[in-house]
Amino acid sequence: MRLCPLRDDVPETERAAIHADLEALRTVIDGMDRVQFSANVSPEPFGRGFGHGFTIDFRDAAARDAYLVHEAHQRAGARLVAALQGGTDGLMVIDLEVTQM
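Because the structure is a prediction, the values reported are computed rather than measured.

## Some remarks on the side chain of H73
Turning to step 1, where the next piece is worked out: Topologically, H73 is positioned in helix α3 (residues 71-82).
Turning to step 2, where the next piece is worked out: A relative accessible area of 14% places H73 in the buried class.
Turning to step 3, where the next piece is worked out: Those residues in contact with H73, other than ones at most four positions away along the chain, are L25, Y67 and L68.

The structure is reproduced here in structure tokens:
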């Protein structure tokens, strides 16, 4: 899970382009699966300024690790960071191992 406070001055077209860049990584990184984006829609007052977020599903830890160092991810990540309040300080990354029931 990636939580990110996008700056208010980032236009919707740039937000959509950032999403498209991240989604396109699925075509070049083996084992990268579903990517989902959303604004924070929680009614609870605990968002702490993280108004947007996205999740990426990976087949396994090796696929995640390949994503982290891939040059296409580095480019897409730089575009995202440029749109965040606080740059890299505005990004929270949480990796979860989710087991299927």
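## Thoughts on the pattern of salt bridges
Turning to step 1, where the next piece is worked out: Under the defined criterion, the tally for this structure stands at 11 salt bridges.
Turning to step 2, where the next piece is worked out: R2 is the salt-bridge partner of D95, the closest N and O atoms lying 3.0 Å from each other. With D95 in the segment after β4 (92-93) and R2 in strand β1 (residues 2-4), the pair connects residues that are 93 residues apart, well separated along the chain.
Turning to step 3, where the next piece is worked out: D95 gets classed as partly exposed once you look at its relative accessible area, which sits at 44%.
Turning to step 4, where the next piece is worked out: The class for R2 is buried, based on a relative accessible area of 5%.
Turning to step 5, where the next piece is worked out: When the shortest N-O distance is used, the salt bridge between R79 and D21 registers 2.9 Å. Taken together, the residues R79 in helix α3 and D21 in helix α1 (residues 12-24) connect sequence positions 58 residues apart.
Turning to step 6, where the next piece is worked out: Judged by its relative accessible area of 28%, D21 falls in the partly exposed class.

Conventions and cut-offs
- Residues numbered from 1 in each chain as written.
- Predicted model: local features only at pLDDT ≥ 70, side-chain atom pairs only at ≥ 80, totals over all residues.
- Heavy atoms only, no water.
- Helix = DSSP H or I, 4+ residues; strand = E, 2+ residues; numbered from the N terminus.
- Buried < 20%, exposed > 50% of the residue type's maximum accessible area, 1.4 Å probe, protein only.
- Contact = heavy atoms within 4.5 Å.
- Salt bridge = Lys/Arg side-chain N within 4 Å of Asp/Glu carboxyl O.

The quantities given are spatial measurements derived from coordinates; they are silent on function.
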